[in-house]
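Working through the structure, step by step
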Amino acid sequence: GDWSSDVCSPISGHSCVACAIGTFSQENVADCEQCPQDSTTKSDAAVNKQDCLCVKGYTVRKGICKMCDRGYFADSLGSRRCDICEQNTNTPDKGSTSKAECECNPGYMLAPNSSAVQCSVCPANSYKQSSGDAKTCTACPAHSSTTGVTGAASVAACLCDPGFYFVAGQDGGAHTCVACGVDTYKDTYRNDKACQSCREHSSSEGKTNLKSVDGCLCKAGFFLYKSRICEACNSVITKLTNCGECE
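Note that the structure is a prediction, hence the values are computed from the model and not measured.

A tally of helices and strands in the protein chain yields zero helices and 26 strands. Taken across its 247 residues, the protein chain has 31% of its residues classed as buried. In the protein chain, the share of contacts with a sequence separation of at least 24, taken over all contacts with a separation of at least 6, comes to 33%. Accessible area for the protein chain stands at about 15000 Å²; split by element, carbon and sulfur atoms hold 50% of it.

Okay, structure coming up:
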């Protein structure tokens, strides 16, 4: 662990200096050797290569120090393995050196201090789209829902309610759900479907955000035929029994 420009001995008169941390030397050599890549020594004056230990964030594999993958960490010199992060957490990058770098995944928020786990799932009708230890999830936009699904990792999981249609947000922001206009309806939880027009000869009678075509009522002089179309009362229809004689 000591070196000199000449052999160290009382007779030679040369002094011996301890090898610095991260280097080592055998007895009576002229220089210290550098530890292999991504390894170091616990202290100075190391005497052989076996004193070189993988640095934090690395573990030895087949004699070589390898960086811990995402979702793992090594918090001490010479770790024989990388420890895995808790369930529903991950690290931002490879080579993490502490459990503190394990953050809640998208769709999960920091659990209360009394909880046995680090992260808890976002409840229905909320989302969290980035990693991190936020204490709350973001509520879905008004008039939208995750339809009971928990752990939403994107606002895209918030689907506009029946009676409301999707309008994309600006610059990647949250979308809005706008009420279907007069004489239109929407009967599904979807973001890719516009409001549909009421059937011919029917009207919403001034109402908006209709959730079903049943809200579209046949206009005066028409009746609902076979639950599908508004038919004029004076039409000749086989076995017609729905209308009386028009005046």
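With that settled, consider the layout of surface pockets. The space that makes up the largest pocket amounts to roughly 380 Å³. Lining the largest pocket we find 16 residues, and of these C52, C54, V60, G63 and C65 sit closest to its centre. Secondary-structure elements contributing two or more residues to the lining of the largest pocket are strand 6 (53-54) and strand 8 (64-67). A breakdown of the residues in the lining of the largest pocket according to their chemical character gives seven nonpolar, six polar and three charged.

Moving on to the pattern of salt bridges. By the definition in use, this model includes three salt bridges. Of the charged contacts, one joins K193 and D187 as a salt bridge, the two residues approaching to 3.8 Å between their closest N and O atoms. A residue is classified by how much of its surface remains accessible, and D187, at 39% relative accessible area, is partly exposed. Of the charged contacts, one joins R190 and D192 as a salt bridge, the two residues approaching to 2.8 Å between their closest N and O atoms. According to the relative accessible area criterion, R190 is partly exposed, its value standing at 36%.

By size, the foremost hydrophobic cluster in this structure holds five residues: Y127, C140, A152, V155 and C158. Contacts of C158, omitting those with residues within four sequence positions, involve Y127, C140, P141, S144, S145, T146, H175 and N191.

With that settled, the discussion passes to the environment of C137. Looking at the secondary structure, you find C137 in the loop between strand 15 (126-127) and strand 16 (138-139). Separated by 31 residues in the primary sequence, C137 and P106 place their C-alpha atoms 9.6 Å from one another. Excluding its chain neighbours within four sequence positions, the residues that come into contact with C137 are M109, C122, P123, S126, Y127 and K128.

Inspection of every chain in the model, using the stated rule, returns twelve disulfides. For C54, the disulfide goes to C65, at an S-S distance of 2.1 Å. In this structure, the disulfide formed by C54 and C65 twists by about -95° around the S-S bond and is classed as left-handed. In this pair, C54 sits in strand 6 while C65 sits in strand 8, placing the two residues eleven residues apart along the sequence. The exposure class assigned to C54 is buried, which follows from its relative accessible area of 5%. Relative accessible area serves as the criterion here: at 13%, C65 is assigned to the buried category.

Looking at the secondary structure, you find S144 in strand 17 (residues 144-145). Among the polar contacts made by the side chain of S144, one reaches the main-chain carbonyl oxygen of P141 at a distance of 2.6 Å. In contact with S144, other than residues within four places in its own chain, are C158, L159, C160, D161 and C177.

This part is about the pairing of strand 26 (residues 229-232). Only one face of strand 26 is covered, namely the face carrying C230 and A232; the face carrying I229 and E231 is uncovered. Note that strand 25 (residues 222-225) and strand 26 share four bridges and pair antiparallel. Note on strand 26: the bridge partner recorded for F222 is A232.

Should pLDDT be low for a region, the predicted coordinates there are not to be read in detail. The predicted model of the protein chain has a mean per-residue pLDDT of 88, with 89% of residues at 70 or higher. Taken element by element, the protein chain is modelled with least confidence in strand 1 (residues 2-3), mean pLDDT 51, and with most confidence in strand 9 (residues 72-73), mean pLDDT 97. Overall, residues 3-7 carries pLDDT values under 50, and its contacts beyond four positions in sequence, including any with other chains, amount to 19 contacts.

Once that is clear, we can look at the environment of E86. When you line up the elements, E86 lands in the loop between strand 10 (83-84) and strand 11 (89-90). Residues E86 and C102, spaced 16 residues apart in sequence, show a C-alpha to C-alpha distance of 7.5 Å.

Conventions and cut-offs
Each chain has its residues counted from 1, running along the sequence as written. Confidence filtering applies because this is a predicted model: local features only for residues at pLDDT of at least 70, side-chain atom pairs given and counted only at 80 or more, and all residues used for totals across whole chains, interfaces and linings. As a rule here, side-chain values cover all heavy atoms of the structure and leave hydrogens and water aside. Secondary structure elements are defined from DSSP: runs of H or I of at least 4 residues count as helices, runs of E of at least 2 residues count as strands, and each element is numbered from the N terminus. We call a residue buried when its accessible area falls under 20% of the maximum for its residue type, exposed when it is over 50%, and partly exposed in between, using a 1.4 Å probe and counting protein chains only. In this analysis, two residues are considered to be in contact whenever any of their non-hydrogen atoms come within 4.5 Å of each other. Only the protein chains shown count as covering a residue, and every accessible area follows the Shrake-Rupley method with a 1.4 Å probe. Two kinds of site are reported from a 1 Å grid over the protein atoms alone, namely cavities, where a 1.4 Å probe fits but cannot get out, and pockets, open sets with protein on both sides within 12 Å along at least five of seven lines, and residues are called lining when an atom falls within 4 Å of a point. Grid points are joined across faces, edges and corners, and a volume is the space filled by probe spheres set on the points. Basically, the charged four are Asp, Glu, Lys and Arg, the nonpolar ten are Ala, Val, Leu, Ile, Met, Phe, Trp, Tyr, Cys and Pro, and anything else, Gly included, counts as polar. Note on definitions: salt bridges are taken to be side-chain nitrogens of Lys or Arg within 4 Å of carboxyl oxygens of Asp or Glu. Take the buried residues of types Ala, Val, Leu, Ile, Met, Phe, Trp, Tyr and Cys, join any two whose side-chain atoms come within 4.5 Å, and each joined set is a nonpolar core. By convention in this document, the label disulfide applies to cysteine sulfur atom pairs within 2.5 Å. Here a polar contact is taken to be a pair of N or O atoms separated by no more than 3.5 Å, where protein atoms must pair a possible hydrogen donor with a possible acceptor and residues adjacent in sequence count only if both atoms sit in side chains. For two strands to pair, DSSP has to find at least two bridges joining them. Per-residue confidence from the predictor is reported as pLDDT, a score between 0 and 100.

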